[in-house]
Amino acid sequence: MDFALTDEQRLIKETARAFTDNEIVPRARDNDRNAHFDTELVAKIAAQGYLGAIVPQDYGGAGLDYLSYGLVVEEIGRGDSSMRTVVSVQTSLVCSAIVRWGTDEQKQRYLPKLCSGEWLGCFGLTEPDTGSDAANQRTRARKTDSGWVIDGAKMWISMGNVADLALIFAQTDPEKAHKGLACFLVETDGNDGYQPQEIHGKLGLHGSDTAAISLSDCEVPADAMLGDIGDGFKIAMTSLESGRYSVAAGCVGICQGCVDYCVNYAKERHQFGRPIASFQLVQGMLADMKVETDAARMLVYRAAYLKDTGQPNSTETSIAKLYATEAANRCATTAIQVLGGSGYVDDHPVERYFRDVRVTTLYEGTSQIQKLIIGRALTGINALIPS
Ligand SMILES: Cc1cc2nc3c(=O)[nH]c(=O)nc-3n(C[C@H](O)[C@H](O)[C@H](O)COP(=O)(O)OP(=O)(O)OC[C@H]3O[C@@H](n4cnc5c(N)ncnc54)[C@H](O)[C@@H]3O)c2cc1C
């Protein structure tokens with residue numbers, strides 16, 4: 001087994017690391033404090049090619065392999081999970097769906113704009129009454145002479161307030177259940193039927209944009225459908241398979257950020273006349289974080305390897321997502337313990353890690369849903385089908 005990165009992958013990681021340290025880290029605390037969605041910073045991230053990292057170069061993307069994409073996301077995740085969420089949503093949830101399911105016309109129309117950051121996208125699957133049971137969409141799409149009319153509501157949609165393009169999942173025929181599900185490419189500019197509203201009071205990700213979206217007589221043309229009627233659920237799963245990988249990679253970044261920060265802090269902070277790093281119990285906390293970080297990273301690398309070699313990887317991606325998100329939550333908790341009272345204020349990034357990481361075991365499929373996917377692979381029994 002070869003665990004070494006290629007020269008190119010090492011360069012990609014070093015470049016993303018320097019970009020994160022120079023551009024993202026210095027703005028992270030203020031953006032968090034001011035709940036500011038930093039479009040200027042998003043433009044810089046786009047200029048690096050990170051918003052279309054895995055999109056083929058023919059469509060304006062960087063054409064990276066999944067391992068390289070994961071290395072970039074890890075670094076950005078170490079810097080700021082709000083910005084990592086932008087990359088994950090735009091690249092994995094939106095672009096990857098269009099790459100996989102779009103017509104050439106749709107790819108030509110949307111991918112270059114999304115990769116360059118000229119347009120932002122969002123992924124509208126979750127609804128007020130439809131979360132983990134994503135196939136049970138209440139949003140309805142009705143065929144008209146000129147296209148489709150969509151009515152319903154979406155909830156917790158990252159970048160929903162700023163999106164130029166929204167992937168909206170809707171039911172075209174409730175009697176057909178998942179065979180009636182479809183995904184629509186909704187251009188938001190001038191579309192009065194698309195009404196987003198900002199969600200305030202989040203625990204973390206204060207620098208990210210999150211929306212509740214009302215869809216009322218939202219008209220789209222006939223060619224706005226991505227894939228066909230009945231493909232909606234498969235499209236959502238395609239996106240989530242990429243998105244879960246991206247979240248997992250971002251969580252490796254949080255783990256690594258905790259290790260780096262705590263090691264430095266523990267060597268500088270003195271108690272009982274010695275650096276706290278010399279106490280065995282403190283070293284134990286550092287060691288626990290390091291083991292979790294390496295284990296999470298290896299699971300992400302395995303998922304990347306399977307993706308890059310075209311092998312099935314749903315289960316392995318869920319394993320990476322489950323472990324890395326839970327590990328990052330544990331690391332962020334431990335990091336505050338290492339810093340003591342200082343870890344409780346935002347003078348140090350671990351306080352923000354602690355709040356930002358909490359959502360990662362919820363979005364893109366909760367930890368319980370990942371366990372059911374893994375359990376289904378082990379037993380052949382699908383606990384996700386309602387009885
Ligand atoms: C900040 C933020 C950003 C988000 N961004 C997006 C986005 O961009 N696009 C989007 O579509 N969604 C987004 N989401 C929504 C997110 O994906 C959902 O919150 C998540 O899927 C869980 O759905 P829910 O909140 O409705 O919880 P529920 O589905 O109601 O789950 C509640 C609890 O019940 C458990 N549960 C549910 N069903 C089962 C089961 N069968 N077996 C065992 N346990 C079960 C869950 O694991 C959880 O613990 C975002 C959420 C947040 C908080």
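Everything below is about the structure shown above.
Residues numbered from 1 in each chain as written. Predicted model: local features only at pLDDT ≥ 70, side-chain atom pairs only at ≥ 80, totals over all residues. Heavy atoms only, no water.

## Observations regarding the overall build of the chain
When helices and strands are tallied, the chain shows 10 helices and 10 strands. Computed over C-alpha atoms, the radius of gyration of the chain comes to 21 Å, within 12% of the 21 Å expected from 2.2 N^0.38 for 387 residues, which places it in the range of a compact globule. Seen along its three principal axes, the alpha-carbon backbone of the chain occupies a region of about 80 × 45 × 40 Å. Looking at the chain residue by residue over its 387 residues, the buried ones come to 53%. Of the contacts made within the chain by residues no fewer than 6 positions apart, 72% connect residues no fewer than 24 positions apart. Counting 37 positive and 50 negative side-chain charges, the chain places the averaged centre of each group 6 Å from the other. (Helix = DSSP H or I, 4+ residues; strand = E, 2+ residues; numbered from the N terminus. Rg over C-alpha atoms; globule rule 2.2 N^0.38 Å. Buried < 20%, exposed > 50% of the residue type's maximum accessible area, 1.4 Å probe, protein only. Contact = heavy atoms within 4.5 Å. Lys, Arg positive; Asp, Glu negative; His and termini not counted. Charge placed at Lys NZ, Arg CZ, Asp CG, Glu CD.)

## Overview of the site of the ligand
With respect to spatial proximity, 15 residues lie near the ligand, and among them Phe 123, Thr 126, Ser 132, Trp 156 and Thr 366 are the closest. Measuring from an oxygen atom of the ligand, one finds a backbone N or O atom of Leu 125 at 3.0 Å. Interatomic distance of 2.7 Å between a backbone N/O atom of Trp 156 and a nitrogen atom of the ligand. In the complex, the protein chains occlude 65% of the 980 Å² of accessible area that the ligand would expose alone. Looking at the shell around the ligand, the elements that each hand over two or more residues are β3 (147–158) and α10 (367–379). (Near = heavy atom within 4 Å. Polar contact = N/O pair within 3.5 Å; in protein donor to acceptor, adjacent residues only side chain to side chain. Areas by Shrake-Rupley, 256 points an atom, 1.4 Å probe, with all protein chains shown as cover.)

## Digging into the state of the cysteines
One pass over the full model with this rule turns up zero disulfides. Here Cys 115 is not disulfide-linked; the sulfur of Cys 95 is the nearest cysteine sulfur, at 4.7 Å. A disulfide-free cysteine, Cys 122 has its sulfur positioned 10 Å from the sulfur of Cys 183, the nearest such atom. Its relative accessible area of 0% is what places Cys 122 among the buried residues. (Disulfide = S-S within 2.5 Å.)

## Regarding the pairing of strand β7 (residues 210–221)
Working note: regular strand, side chains alternate between the two faces of the sheet. Inspection of the sheet shows β3 paired to β7 by nine bridges, in the antiparallel sense. Residue Gly 147 lies in a different strand from β7, and its bridge partner there is Pro 221. Strand direction decides the pairing type here: strand β6 (residues 194–198) and β7, joined by five bridges, are antiparallel. Of the residues in β7, the one forming a bridge with Gln 195 is Ser 214. (Pairing = 2+ DSSP bridges.)

## A word on the pairing of β3
Summarising the sheet, strand β2 (residues 140–143) and β3 pair through four bridges and their orientation is antiparallel. The residue bridging Arg 140 from the neighbouring strand is Asp 151, located in β3. A loop of three residues connects β2 with β3, the two strands running antiparallel in sequence.

## Considering the side chain of Asp 346
Checked against the element boundaries, Asp 346 lands in the loop between α8 (314–339) and α9 (349–356). Asp 346 gets classed as buried once you look at its relative accessible area, which sits at 19%. Looking at Asp 346, its side chain comes within polar contact range of the side chain of Arg 33, at 2.7 Å. Beyond its immediate sequence surroundings of up to four residues, Asp 346 is in contact with Arg 29, Arg 33 and Glu 351.

## Things to note about the layout of surface pockets
Space inside the second largest pocket adds up to approximately 410 Å³. For the second largest pocket, the lining is made up of 14 residues, of which Asp 2, Phe 3, Leu 67, Tyr 301 and Tyr 305 are closest to its centre. (1 Å grid on protein atoms, 1.4 Å probe; cavity = no way out; pocket = protein on both sides within 12 Å on 5 of 7 lines; lining within 4 Å. Points joined across faces, edges and corners; volume = space filled by probe spheres on them.)

## Regarding the packing of helix α3 (residues 66–79) against helix α7 (residues 280–308)
Relative orientation of the contacting elements α3 and α7 amounts to 145°, with a least axis distance of 8 Å. Across the interface between the two elements, Tyr 66, Leu 67, Leu 71 and Glu 74 from α3 touch Arg 297, Tyr 301, Ala 304, Lys 307 and Asp 308 from α7. Of the residues in the contact of α3 with α7, the class split is five nonpolar, no polar and four charged. (Axes fitted to C-alpha atoms, helices over the stretch in contact; angles between N-to-C directions. Nonpolar A, V, L, I, M, F, W, Y, C, P; charged D, E, K, R; others polar.)

Purely geometric numbers; function is a separate question.
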